[in-house]
Amino acid sequence: MKRSNSSVAILALAVCAVFFAAANQSGARQPKAPPAAQGTYANGLADGGALRIKHSPALGQNVAVVMTIDGELAGAFTKGHVYQRFLTPGRHRITASRNGRNIDTWFGDLDIQRGQTYSFVVKYNVNQMLLVPTAEVH
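Conventions we followed
- Residues numbered from 1 in each chain as written.
- Predicted model: local features only at pLDDT ≥ 70, side-chain atom pairs only at ≥ 80, totals over all residues.
- Heavy atoms only, no water.
- Core = buried A, V, L, I, M, F, W, Y, C linked by side-chain atoms within 4.5 Å.
- Buried < 20%, exposed > 50% of the residue type's maximum accessible area, 1.4 Å probe, protein only.
- Helix = DSSP H or I, 4+ residues; strand = E, 2+ residues; numbered from the N terminus.
- Contact = heavy atoms within 4.5 Å.
- Pairing = 2+ DSSP bridges.
- Axes fitted to C-alpha atoms, helices over the stretch in contact; angles between N-to-C directions.
- Polar contact = N/O pair within 3.5 Å; in protein donor to acceptor, adjacent residues only side chain to side chain.

J.: Teacher, can you tell me more about the nonpolar core here?
T.: As a rule of thumb, nonpolar side chains are buried together in soluble globular proteins. Core analysis: the biggest nonpolar cluster contains 21 residues, and L51, I53, V65, M67, Y83, I94 and V122 have the highest contact counts within it. Secondary-structure elements contributing two or more residues to this core are β1 (49-55), β2 (65-69), β3 (72-77), β4 (82-87), β5 (90-98), β6 (106-112), β7 (117-124) and β8 (129-133). Beyond its immediate sequence surroundings of up to four residues, Y83 is in contact with L51, R52, I53, M67, I69, A74, G75 and F77.

J.: Any chance you could explain the sheet that holds β1 here in plain terms?
T.: Within a sheet, neighbouring strands are paired by backbone hydrogen bonds and run either parallel or antiparallel to one another. Judged by pairing direction, the sheet is mixed, and its 4 strands sit side by side in the order β4-β1-β7-β8 without closing on themselves. Where the open sheet ends on each side, the last strands, each with one partner, are β4 and β8. Strand-to-strand twist across the sheet, computed as the mean angle between neighbouring axes with direction ignored, equals 25°. Alignment of β1 against β7, held across 6 bridges, turns out to be parallel. Bridged to K54 within β7 is V121.

J.: Even after reading the chapter, I still don't get the side chain of D104, so can you show me in this structure?
T.: Its place among the elements puts D104 in the loop between β5 and β6. There is a polar contact of 3.1 Å between the side chain of D104 and the side chain of R98. With residues up to four places along the chain from it excluded, the contact list for D104 reads R98, Y124, N127, Q128 and M129.

J.: Just to check I follow, could you spell out the side chain of T105 for this structure?
T.: With respect to the helices and strands, T105 occurs in the loop between β5 and β6. Among the polar contacts listed, one links the side chain of T105 to the backbone oxygen of R101, at a separation of 2.8 Å. Apart from residues lying up to four places away in sequence, T105 is in contact with T95, A96, S97 and Q128.

J.: Just checking my understanding: could you explain the sheet that holds β5 for this structure?
T.: If you trace the 4 strands from one edge of the open sheet to the other, you get β3-β2-β5-β6, paired in antiparallel fashion. Each edge of the open sheet is held by one strand with a lone partner, namely β3 and β6. On average, each strand axis in the sheet is inclined to that of its neighbour by 25°, with strand direction left out of account. Bridge count between β2 and β3: 5 bridges; the pairing is antiparallel. Paired with T68 across the bridge in β3 is L73.

J.: Would you take a moment to explain the pairing of β7 for this structure?
T.: Relative to β8, β7 is paired through 5 bridges, and the arrangement is antiparallel. When the sheet's bridge partners are listed, Y124 is paired in β8 with M129. The turn linking β7 back onto β8 is made up of 4 residues, and V126 within it adopts a positive phi angle of 45°.

The structure is reproduced here in structure tokens:
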């Protein structure tokens, strides 16, 4: 039996339509919401608050500021950089130390509220690191 080109084309179109219909149904499901932040870090301002800290120019070129949050190493930054982390709502223990030294470390608790940004400039004053609140860090 000989098939015509139009029969083959119709069959191919029908198969394509079935595949597209199946693909549209599987893609029509609602996208999953990002998981709620748990523990220390949030995904953004929608589910936590932002901690932003700027390195003071007076600290010097070779002074790294090492950050820990809730007892865990949270990163380091140097002159010309801004440290930023999103934290879950609640109380967090923040520490800042100069080049990882414990002798002049700043300790403090910060109560994070959802949607808020907490901005600081890190400074050094007579053998002590200081986090000084500021209006906004750029």
